[in-house]
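Structure assessment
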Amino acid sequence: MTNQAAPLLDTNRREALRDELLATVDLLKRRRAAEIDEVDIADYVALHWMEWHGGSLRLTTTGENVCKHLAGMLARSMPRSSV
């Protein structure tokens, strides 16, 4: 049995997927996975950010960590009100 590594995605593709990850996760939470492009799903799985589990697509621990990082970056970039 050969150990096949996930195909490497070029940097631009990885960045594009990262930029869309929070919106993609929102679609999953709203049970609208059919709206996610099949190529994107395959690439998320190849990056180990998502996995198939019992016929459902879900985030992996790595995917959850990427989302937390992105959410933190968004929170830091939002202007704070001085109320």
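All of these numbers come straight from a predicted model, not from anything done at the bench.

1. Here's the deal with the environment of Val-25
By the element assignment, Val-25 lies in helix H1 (residues 11-29). On a C-alpha basis, the gap between Val-25 and Leu-57 in space is 9.9 Å, while along the polypeptide they are 32 residues apart. Sequence-distant contacts of Val-25, that is, excluding residues within four places in its chain, are made with Met-50, Leu-59 and Cys-67.

2. Some words on the nonpolar core
One finds Leu-17, Leu-21, Val-25, Tyr-44, Trp-49, Met-50 and Leu-59 to be the most contacted residues of the largest nonpolar core, which totals 17 residues. Those elements that provide at least two residues to this core are H1, helix H2 (38-46), strand E2 (56-59) and helix H3 (61-77). Per-element accounting of this core gives the leading share, five residues, to H1. Residues in contact with Leu-59, not counting those within four places in the same chain, are Leu-21, Val-25, Trp-49, Met-50, Glu-51, Glu-64 and Cys-67.

3. What to know about the packing of aromatic side chains
Both the distance between ring centres and the angle between the ring planes are used here to describe each pair of aromatic rings. Summed over all chains, the structure comprises one aromatic pair. On the numbers, 6.1 Å between centres and 35 degrees between planes, the contact of Tyr-44 with Trp-49 is tilted. Residue classification places Tyr-44 among the buried positions, given a relative accessible area of 1%.

4. What about H1?
Taking 1.5 Å per residue, 19 residues should reach 27 Å; H1 reaches 27 Å between its end C-alpha atoms and fits that length. For H1, the set of buried residues is Leu-17, Leu-21, Thr-24, Val-25, Leu-27 and Leu-28. Check the buried side of H1 and you find it contacts H2, strand E1 (50-53), E2 and H3. If you check the start of H1, you find a side-chain oxygen 3.2 Å away from the backbone N of Asn-12, and it comes from Asp-10.

5. With respect to the packing of H1 against H2
In the contact formed by H1 and H2, the axes pass within 11 Å of each other and the chain directions differ by 105 degrees. One finds that H1 runs roughly perpendicular with respect to H2. Between H1 and H2, the contacting residues are Arg-13, Leu-17, Glu-20, Leu-21 and Thr-24 on the first element and Val-39, Asp-40, Asp-43 and Tyr-44 on the second. Of the residues contributing to the contact of H1 with H2, the split by class is four nonpolar, one polar and four charged.

6. Concerning the pattern of salt bridges
The full count for this structure, using the stated rule, is six salt bridges. A salt bridge links Glu-51 to Arg-58; its shortest N-O distance comes to 2.8 Å. Taking the relative accessible area as the measure of exposure, Glu-51 reaches 28% and is therefore partly exposed.

What counts, and where the lines are drawn
Residues numbered from 1 in each chain as written. Predicted model: local features only at pLDDT ≥ 70, side-chain atom pairs only at ≥ 80, totals over all residues. Heavy atoms only, no water. Helix = DSSP H or I, 4+ residues; strand = E, 2+ residues; numbered from the N terminus. Contact = heavy atoms within 4.5 Å. Core = buried A, V, L, I, M, F, W, Y, C linked by side-chain atoms within 4.5 Å. Buried < 20%, exposed > 50% of the residue type's maximum accessible area, 1.4 Å probe, protein only. Phe/Tyr/Trp six-rings, centres within 6.5 Å; stacked < 30°, edge-to-face > 60°. Expected span 1.5 Å × (residues − 1). Polar contact = N/O pair within 3.5 Å; in protein donor to acceptor, adjacent residues only side chain to side chain. Axes fitted to C-alpha atoms, helices over the stretch in contact; angles between N-to-C directions. Parallel < 35°, antiparallel > 145°, perpendicular 65-115°, else oblique. Nonpolar A, V, L, I, M, F, W, Y, C, P; charged D, E, K, R; others polar. Salt bridge = Lys/Arg side-chain N within 4 Å of Asp/Glu carboxyl O.

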